[in-house]
Amino acid sequence: MPDLDWHGRLGDVSEYGAAEAAVQAALDAGASYADARVMHRRTESMDARNGEIEELSQDEDLGIGVRALVGSSWGFFAVPDLSDAAVRSAGARAAAIAAASATVPGPAVARIPTTPASGSWSSPCEVDPLSVALSEKGDLLVGLTATMKAAGADQAEGSYQIWDTRKWFVSSEGHRIDQRIRECGAGIAATAVGDGETQRRSYPSYRGQYGTRGWELVTGLDLAAHAERIADEARALLSAPRCPSGVTTLILGSEQMALQIHESVGHAIELDRILGWEAAFAGTSWLDLRQLGTLRYGSELMNITIDPTIPGALGSFGFDDEGTPAAARDAVREGIWVGVLAGRDSAAVAGLDYGGSVRADGWARLPMVRMTNVGLEPGPHTLDEMIAATEDGVYMDINRSWSIDDKRLNFQFGCEIGWEIKNGKLGRMLRNPTYTGIGPQFWQSMDMLGREVTAWGTPNCGKGQPGQVGHTGHPAAAARFTGVRVGVTG
Amino acid sequence: MSDEQSLVDKAAELIELVRSMAPGAQAEATVDATELSLTRFANSFIHQNVADASTTVRLRLHVDGRTATGGSSIVDTSGLHALVERTLAAARLAPLDPQWPGLAPPAAVPTVPAVDEQTAYAEPDARAARVRDFVAATDGLEAAGYCSTLRWARAFANSLGQSAASVSALASMDAIARQAGGDRKFDGVARLSSARLSDLDGARLGARAAAKARAQEGATELPPGRYEVVLEPTAVFDLLDNLAMFGFNGKAVHEGRSFVEVGEAQFDPSVTIVDDPLDPRGLAATFDVEGTPKSRRTFVDAGVSAAVAHDRRSAALAGTVSTGHAMTGGASWGAVPLNLHLLPAGDNAGTATSLAGDDHPAAGAGEVDGPVADASVAALVAGVERGLLVSDFWYTRVLDPRTLVITGLTRNGVWLIENGVVTLPVQNFRFTQSYPQALAAGAVLGVGTHAIGLPSGWQALCYRAPALRLASWNFTGNPSG
């Protein structure tokens, strides 16, 4: 793996050596198990508004996080210093913190057995996004936002984000893994300000599209082809009729379906939530492990996979942050709940034999259960077929707001734009479309599913205390649902 | 040399490096050193116990009409040199920045009381002991939450000569007790932030959470609709948070995305909201990331919108001056007040007299036998003929920023109030409600007399709020949909 090329000075430092020293220090301090991750991350982001750059930021972050198990309790300590003294101190402090956890002890911590992995992995990248000239990237955003402004947007925004992460993982069981994951993405949005309200249109999604790919992802979005259109639509929405209130047939576009999957399936199948480990903050889950394998989650069209191996999707990796190799797994098969997102310790508690979904937001944060790529397998229909088969309904797409209860059951989501459907045809544009429902009832009403799947990336998934931001992927297709309450107003 | 002085030197070193490598460049440097420790528990035992110590530097440069920002956690001399080099390179390639507002001129920053050392340097045992006391006080209920301590030191320097430093500390406890009933669990919550860890009484907070959880058992479903409500401080936090992000954001106001119109009577006369970053009871901050001194400011004065938050960029666009609310990464989002206080009834000054997070730290005994958090809330409940007592809000999201219509859910306890008495535990609701409308003239029927400091899971902010009695809250769904 190449040296750290931004800072350049760290070429003579062994990242593996630092991680091994930290692990050894934790063991010397009494830990029965320890692991350590050295992480180096370079990020770049740019925001433009109305034809001008608002912010250009580049960051570099390097540090080590050490996790230690003492008795039945975990401890974690992290420092941005890879000197031998610092990493050894970090290992010892992780063990000391674990020892303090014994003040309020729980059941003995078990971890499902694993064959310690060694290896390297890199995400696919054709065009290194950090190597694309800043002037080129800046000119792109300036041009796009100027176009939207000229087309009638009161506020025209464009942004991109890039992450280039390298990590080295070592455990006392013998793991020795390094990975390089490059992620990037971009998006544009036009806001029209009316009399007492605002309307917003985005492309290709609410915050843009992201993936574990190079700048070719951004190029492929063809943002310029959509700038004028979304500005026009934002302004048109100001005078569009409100989404009617009532119960109807609802067709969701694939971008909104990604959000629907993320919130009402992805979080619900996180094993740490199911076990109550997130009860006080992120919440629990309506799912009961005793029903794994038998519970009907949705209609027979519903096949959801957990798959961190999808090339280029935002939740992809070679190994998770416990060293488990990436592997695909079913979460819902023909509507029946069959799998969870798990780590080695949560899997052991639940009596399961797989982990593989544990990640941390940087070196300073504890790895925890996170979504990888959680998404739908394609169905048999096209969007046109769904619309044609709908006598009376609403089509909505592009997420605008999202809210769901702490058990991941009761949701209310809003979209940027909707259209009425009458007699198998799209009709008038509708503003402020919202819909609400209860997760399993909603999914069981899915009677048509698209065959064109897009792996949407969500770069802003919050969880944990201290808070962590996760990057997740969601293959999704348009789908039709029946008997849905729409048009909830304040 | 003190830690604070070493950060000041680090910021000055960065400015000197810029001066030597790019004479004429305008530069500002912020150095943050944080020690965050958080002891987290669930199922009544500590399951995640973490700490990190990090130092980061942030450099913003304006050179030849172009601007770039860089940051790094590699803060030795060669790391700083690399940061300056690449930020200069980035600035020279960036598009022109005609809206550059210039650097903050030298100005004295206020002082705040010294931090409580036992909080700033708390050992894991001190946090674990509070968790132990919380769990014990729930008397057999399942418990979950966290106890945290944070020490935050910040230094600033810019090439105009402004220089400043500050240190603050905050302790927080945020936890629930869970009463099992059939196949359901009924949660009760207790939260408190304070500049002193010693103010966090795990036993008292655990007893309060447990009392609320027990009083929630057997909660039944009520139909959605408009109800009069008493919102406890834990729920009022969410009102302040959304008002801060979307309402008092000066950039949003300038762009027409906020409802706020300075000088207009947009709230009930009983509502006064101040932003007090110098309050020693919270996470005090004496200057912002642009080096502008902070001060106590009134945002809503007896119902009249009185001010909004600005950084230098948004202030220049709006034709005014910075209010000292610049944030890292805030150029796009705008400036946000992070120390909002909704003043309790009878508190016209709202100024702090100590580091205590709770205005009445000794008032807890005897107030936890039931769902009502304290006597101040009980007084508001007593005036309600028929309404709901709401402990907490959850997952609130904006449907329209201009009207600040928000949807979300209740959490951690709802009860029916009839004739001034809590009569029945109620299951959670979904609501869809305009927050300014809920606080408008005539809509606020009472403001509690007791404000507490409330922690946030996501930002270094500390709001203070009393309970509120509101004439109407629009509940748009219940557990049935």
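Residues numbered from 1 in each chain as written. Chains lettered and ligands numbered in written order. Predicted model: local features only at pLDDT ≥ 70, side-chain atom pairs only at ≥ 80, totals over all residues. Heavy atoms only, no water.

Draft legend 1. Highlighting the interface of chain A and chain B. In this assembly, 85 residues from chain A lie in contact with 85 residues from chain B. Buried surface at the junction of chain A and chain B, summed over both partners, amounts to about 6900 Å²; 53% is from carbon and sulfur atoms. Counting across the interface, chain A meets chain B through eight salt bridges. Arg40 of chain B is the partner of Glu278 of chain A in a salt bridge, and the nearest nitrogen-oxygen pair spans 2.8 Å. In this structure, the connection of chain A to chain B is made through 42 residue pairs in polar contact (both at pLDDT 80 or more). Of the residues forming the side of chain A that touches chain B, the biggest block, eleven residues, is contributed by strand β2 (residues 52-70) of chain A. A breakdown of the residues in the side of chain A that touches chain B according to their chemical character gives 36 nonpolar, 29 polar and 20 charged. As defined by bridge partners, β2 of chain A adjoins strand β3 (residues 66-72) of chain B across four bridges and the pair is classed as parallel. Within β3 of chain B, the residue paired with Ser57 of chain A across the bridge is Thr69 of chain B. (Contact = heavy atoms within 4.5 Å. Buried area = accessible area lost by both parts, 1.4 Å probe. Salt bridge = Lys/Arg side-chain N within 4 Å of Asp/Glu carboxyl O. Polar contact = N/O pair within 3.5 Å; in protein donor to acceptor, adjacent residues only side chain to side chain. Helix = DSSP H or I, 4+ residues; strand = E, 2+ residues; numbered from the N terminus. Nonpolar A, V, L, I, M, F, W, Y, C, P; charged D, E, K, R; others polar. Pairing = 2+ DSSP bridges.)

Draft legend 2. Quick look at the layout of surface pockets. Its boundaries defined by the atoms lining it, the largest pocket holds a volume of some 1200 Å³. Ser285 and Lys407 of chain A together with Asp183, Arg184 and Lys185 of chain B are the residues nearest the centre of the largest pocket, which is lined by 41 residues in total. For the lining of the largest pocket, the elements supplying multiple residues, two or more each, are α7 (271-274) of chain A together with β6 (184-194) and β13 (405-418) of chain B. Looking at which element gives the most residues to the lining of the largest pocket, the answer is β13 of chain B, with five residues. Broken down by class, the residue content of the lining of the largest pocket amounts to 13 nonpolar, 14 polar and 14 charged. When residues of the lining of the largest pocket are assigned to domains, at least three map to each of domain 1 (4-214) and domain 2 (225-477) of chain B. Space inside the second largest pocket adds up to approximately 460 Å³. (1 Å grid on protein atoms, 1.4 Å probe; cavity = no way out; pocket = protein on both sides within 12 Å on 5 of 7 lines; lining within 4 Å. Points joined across faces, edges and corners; volume = space filled by probe spheres on them. Domains from an automatic or database assignment.)

Draft legend 3. Looking closely at the side chain of Arg273 of chain A. Residues and elements named next belong to chain A. Locating Arg273 in the fold gives a position in helix α7. Buried within the structure, Arg273 lacks any salt-bridge partner; its nearest side chain of opposite charge belongs to Glu270, at an N-O separation of 4.1 Å. Of the polar contacts made by the side chain of Arg273, one reaches the backbone oxygen of Asp406; its length is 3.1 Å. Excluding residues that lie within four positions of it along the chain, Arg273 makes contacts with His267, Glu278, Ala282, Gly283, Thr284, Ser285, Asp406 and Arg408. (Buried < 20%, exposed > 50% of the residue type's maximum accessible area, 1.4 Å probe, protein only. Lys, Arg positive; Asp, Glu negative; His and termini not counted.)

Draft legend 4. Focus on the environment of Val23 of chain A. Residue and element names in this part refer to chain A. Note that Val23 resides in helix α1 (residues 15-28). The exposure class assigned to Val23 is buried, which follows from its relative accessible area of 5%. It is 42 Å that separates the C-alpha atoms of Val23 and Met257, two residues lying 234 residues apart in sequence. Residues in contact with Val23, not counting those within four places in the same chain, are Ala34, Asp35, Ala36, Val170, Ser171 and Ser172.

Draft legend 5. Region of interest: the packing of aromatic side chains. Taken as a whole and assessed by the stated rule, the structure comprises 28 aromatic pairs over all chains. When the centroid spacing of 6.4 Å and the interplanar angle of 80° are considered together, the rings of Phe281 of chain A and Trp394 of chain B count as edge-to-face. On the criterion of chain membership, the pair formed by Phe281 of chain A in the loop between α7 and β10 (304-306) and Trp394 of chain B in strand β12 (residues 386-400) is interchain, its members lying in two chains. Trp394 of chain B shares its class with Phe281 of chain A; the two are buried. Between Phe429 of chain B and Phe475 of chain B, the ring centres sit 4.7 Å apart and the planes meet at 40°, which makes this aromatic pair tilted. (Phe/Tyr/Trp six-rings, centres within 6.5 Å; stacked < 30°, edge-to-face > 60°.)

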